[in-house]
Each structure stands twice: as structure tokens, then as C-alpha cells.
Amino acid sequence: MIERGAMQAWKMLWLALVSAILVACANTDDSEEGLPTGNRTEQAFYEAAQRQLRTSQWDLAIKNLRALEDNFPFGNYAEQAQLELIYAYYRNYENDAAIAAADRFIRLHPQHRNVDYAYYMKGLSSFTEGAGLFERFMPTDLTNRDPGAARESFAYFSQLMARYPESRYAADAQKRMIHLRNLLARYEIHVANYYFKRGAYLAAANRGRYVVENFQQTPAVPDALAVMVQGYHLMEMPELEANALSVLRNNYPKHPAFNEDGTFNYAFFKGASGRSLVHRVTLGLFEKSDPQGFDSRELYNPEYNRGEAPLPPELM
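Every residue gets a number counted from 1 within its own chain, in the order that chain's sequence is written. Two thresholds apply to this predicted model, a pLDDT of at least 70 for residue-level local features and 80 or more for giving and counting side-chain atom pairs, whereas whole-chain, interface and lining totals are computed over all residues. Values shown for side chains rest on all heavy atoms present in the structure; no hydrogens or waters enter the calculation.

**Q** Which parts of the structure should I look at to understand the overall build of the protein?
**A** What the protein contains, in helices and strands, is 14 helices and 0 strands. Helices and strands in the protein line up, N terminus first, as α-α-α-α-α-α-α-α-α-α-α-α-α-α. Counting the 316 residues in the protein, one finds 41% classified as buried. Strands are runs of DSSP state E lasting at least 2 residues, helices are runs of H or I lasting at least 4, and numbering of each runs from the N terminus. Throughout, exposure labels follow a simple rule: accessible area from a 1.4 Å probe, protein chains only, divided by the maximum for the residue type, with under 20% read as buried, over 50% as exposed, and the rest as partly exposed.

Rendered as C-alpha cells:
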């Protein structure tokens, strides 16, 4: 009986020792949620978030950064945590949250030495709004997307350039603005091609004129001029047609709409009237071919065939 009681005592002692070790480990390690369970100091939250940012655990990093701000709003790491929260939201594809966090930082810290970063991240997050995982990692023609996000992103980058022209993010922002401007111009050409298909020649020509007037020096200008030539020709407006044709021939003589003898090929893009009877009667069900459309990006846009999709820079 004494031996049995001694063994029970040893068992109880062993269980107590194991329990003490587990509690000690829980006080120093992160929980399954990634949050410090024992040492809930500002530094513990920040260090946990740093580990998770380095290992791309964006959800857990967001939880720790938000917990740090909630518990230590005036602490030593509060401002840096707010900046890193913007980045974590962006990398976790929570673009609206990233923009909101950037706006909040700008409102709370308008004179902060790194406030330019918040403006920069607003531009990045806005441009990727609406782009899913497939669009981010697979080749996608972004010029076919709704231009609202591109316009918004361009405006945010413009704010950065106007307020902080010497920012370390200014050079990259400027490159992105050029890219965005090219996207917006190309979108207008897509719309013009669509109007040709619908037989709306005036609307198509107006889109071309809009590109020439508002997106000068973009790779879409040659197609915009060709759109104007085609549209004015179909509307029997010879003077406007001749003016657009003269500018196109003098500046872009190798445009694919020109024939080998230098004359403009008005059959290059046949509108709705150029489709076959089968196509029109069946609404395209049995004949899928569409008019070629004006798209000379392979000739005039060096970015088109490179598939350039610059990744966002790491938080510096």
C-alpha cells in the first residue's frame, strides 16, 4: 500500500512538473492565432508581427499589428505598426483596407517623415483593386478592365509627386503613372473598336480624338488617328478625314492600316456592315470572327510583349 501511494505521489509530481513546463512555454511562445499569450507587451506584439511579415503570414501579422495599436495607441511602435499594417493589408489582397489604413495614417500624422509611403501605397492598392489572384500572377490584358481603378491610382500617385517630389518613391511612382496613362489611352481604343462593331462611327471617332487630345505621346495615339480616319471616312467627312490621315502618315507611316503603296486600307477594320449574313442572323453563335480592330501595340508599345508586371517593393 505504501509503495502504491508513493507511485501515485510520483505521478502527481510528474504531472505537475509537465503542466508547469507547458505553462512556461505558453508564456513565451505564440498561440495558434499567432498572438502573444503570456507576454502581451508592446514589444512582444511588434516582434511577433515582424516574424509573420518576414514569413508572409499576412493574416497573423495584421492581427498582431491591430492588437498592438488597440492596446498601445501611443507606444513606441505605434506609428511604425500603422505603416506596416498598410503593407500587410496590401499583400493580403485587402486593398480597400490598405487604402483606409493609409488615409488614416495621413490624417493622424500629416508631418510624419514617412507619410510619403502612405501616399505611395494608396496608389499601389488602388491600382490592384479588383484584380484577383489569377490576374496578379497570370498574363492579363489590363487595358480591358474598368478604368476607374487606374484613374484613381493615377490621382494618388499624382498627389505623391506634387507633395513629395523628392520622395524615394517618386521615381517608381512616375514610371507607374506612365504605365497607367498608357492603359487609360488603350482603353479608349478598345471602346472605339467596340463602337465600330456597333456601327456607332461618330462615337468611335470621338474616342480617337479624345486620345489624341488628352493622351499625347502614348502608344495608343497611332491607333487613335487611324480610328479618326476610319470614322470620318464612314461618316463621309472628307476634310476631317484628310487632316487625321495626314498626321497619321507623317508621324506613323508604318501603321498596319496602311497598304504597301502607302494608301489607307479602309477595309482594315470593317464595322458591323462587314460581317457576314450568318454572323448577323445567328448573333455570332456560328461565326465567331470579329473585325480585326485597331491595335498596333506590338509595333508601338515596347511593354506589350514583355509582360511587365512590376512587383511592389518590400517595406523599407
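**Q** Can you help me understand helix α6 (residues 115–127) in this one?
**A** Every α-helix winds through 3.6 residues per turn, so residues three or four apart in the chain are directed the same way. When the terminal C-alpha atoms of α6 are compared, their 19 Å separation across 13 residues agrees well with the 18 Å that a helix rising 1.5 Å per residue should span. Among the 13 residues in α6, 13 count as buried, and that is most of the element. Helix span is expected to be 1.5 Å times the residue number reduced by one.

**Q** Explain helix α3 (residues 58–71) to me, please; I cannot follow it from the model alone.
**A** Taking 1.5 Å of rise per residue, 14 residues should cover 20 Å, and α3 covers 20 Å from first to last C-alpha, within 8% of that figure. Taken as a whole, α3 has its buried residues at Trp58, Leu60, Ala61, Ile62, Asn64, Leu65, Ala67, Leu68 and Glu69. Residue contacts are counted whenever heavy atoms from the two residues lie within 4.5 Å of one another. Where α3 is buried, its residues touch α2 (42–54), α4 (78–91) and α5 (95–108).

**Q** Sorry, what's going on with the packing of α2 against α4 here?
**A** When two helices pack together, you describe them by how their axes are tilted relative to each other and by the distance separating the axes. In this analysis, axes come from line fits to C-alpha atoms, helices being fitted only over the stretch in contact, and the angle between any two N-to-C directions falls in the range 0 to 180 degrees. Between α2 and α4, the least distance of the axes is 12 Å, while the angle of their chain directions is 25 degrees. Between α2 and α4, the angle falls in the class roughly parallel. For the crossing formed where α2 meets α4, the hand is left-handed. Only Ala78, Gln80, Glu84 and Ala88 of α4 make contact with α2, whose side of the interface consists of Glu42, Tyr46, Gln50 and Leu53. Reported orientations rely on four angle classes, namely roughly parallel under 35 degrees, roughly antiparallel over 145, roughly perpendicular from 65 to 115, and oblique for the rest. Two helices cross in a left-handed way if the nearer one is turned anticlockwise from the farther one by less than a right angle. They cross in a right-handed way if the turn is clockwise.

**Q** Explain the side chain of arginine 186 to me, please; I cannot follow it from the model alone.
**A** Inspection of the secondary structure puts arginine 186 in helix α9 (residues 170–198). Relative accessible area serves as the criterion here: at 3%, arginine 186 is assigned to the buried category.

**Q** Please clarify how the pattern of salt bridges should be interpreted in this entry.
**A** As a working rule, side chains carrying opposite charge can pair if their charged atoms are close by. Take a side-chain nitrogen of Lys or Arg and a carboxyl oxygen of Asp or Glu: if they are within 4 Å of each other, that pair is a salt bridge. Enumeration over the complete set of coordinates arrives at 9 salt bridges. Across the pair arginine 207 and glutamate 188 runs a salt bridge whose closest N-O atoms are separated by 2.5 Å. In this pair, arginine 207 sits in helix α10 (residues 201–214) while glutamate 188 sits in helix α9, placing the two residues 19 residues apart along the sequence. Assessed through its relative accessible area of 4%, glutamate 188 is described here as buried. Each of Arg186, Asp223, Asp295 and Arg297 takes part in one network of salt bridges that share partners.

**Q** Looking at this structure, I do not really get the nonpolar core. What am I missing?
**A** Soluble globular proteins: nonpolar side chains tend toward being buried together. In this description, a nonpolar core means a group of buried Ala, Val, Leu, Ile, Met, Phe, Trp, Tyr and Cys residues linked to one another through side-chain atoms lying within 4.5 Å. In this structure, Ile86, Tyr120, Met121, Val211, Phe264 and Phe294 are the most contacted members of the largest nonpolar core, which totals 67 residues. No other element matches α9, which puts 9 residues into this core. Not counting the four nearest positions on each side in its chain, phenylalanine 264 is found in contact with Ala226, Val229, Gln230, Leu245, Leu248, Arg249, Ala257, Phe258, Asn259 and Phe294.

**Q** Would you mind going over the packing of aromatic side chains with me for this structure?
**A** Geometrically, a pair of aromatic rings is defined through the distance of the ring centres and the angle of the planes. Two aromatic rings, drawn from Phe, Tyr or Trp (for Trp, its six-membered ring), form a pair once their centres lie within 6.5 Å of each other, and the interplanar angle then sorts them: stacked below 30 degrees, edge-to-face above 60, tilted otherwise. Enumeration according to the criterion identifies 15 aromatic pairs in this entry. Plain terms: the ring middles of tyrosine 120 and phenylalanine 157 are 6.0 Å apart, the flat faces sit at 50 degrees to each other, and that makes the pair tilted. Note that tyrosine 120 is positioned in helix α6 and phenylalanine 157 in helix α8 (residues 148–163), a separation of 37 residues in sequence. Tyrosine 120 sits in the buried class, given a relative accessible area of 1%. Their ring planes at 90 degrees and their centres at 6.0 Å tell us that phenylalanine 258 and phenylalanine 264 sit as a pair that is edge-to-face. Per residue, the accessibility class of phenylalanine 258 equals that of phenylalanine 264, and both read buried. Among the aromatic residues, those joined into a cluster by ring pairs are Tyr117, Tyr120, Phe157 and Tyr169.

**Q** Help me understand the side chain of histidine 255 in this model?
**A** Tracing the backbone through its elements, the reader meets histidine 255 in the loop between α12 (238–251) and α13 (277–281). Judged by relative accessible area, which is 2%, histidine 255 ranks as buried. Each residue touching histidine 255, except ones within four places of it in the same chain, is listed here: Pro222, Asp223, Ala226, Leu248, Phe294, Ser296, Leu299 and Tyr300.

**Q** Honestly, the packing of α6 against α8 in this entry has me stumped. Any pointers?
**A** One way to put it is that α6 packs onto α8 with a least axis distance of 7 Å and a crossing angle of 165 degrees. Judged by the angle between their axes, α6 and α8 are roughly antiparallel. Crossing handedness for the pair α6 and α8: left-handed. Residue-level contacts link Asp116, Tyr119, Tyr120, Lys122, Gly123, Leu124, Ser126 and Phe127 of α6 to Ala149, Ala150, Glu152, Ser153, Tyr156, Phe157, Gln159, Leu160 and Arg163 of α8. Classification convention: Asp, Glu, Lys, Arg as charged; Ala, Val, Leu, Ile, Met, Phe, Trp, Tyr, Cys, Pro as nonpolar; all other residues, Gly among them, as polar. When the residues that make up the contact of α6 with α8 are grouped by side-chain class, the tally is 9 nonpolar, 4 polar and 4 charged.

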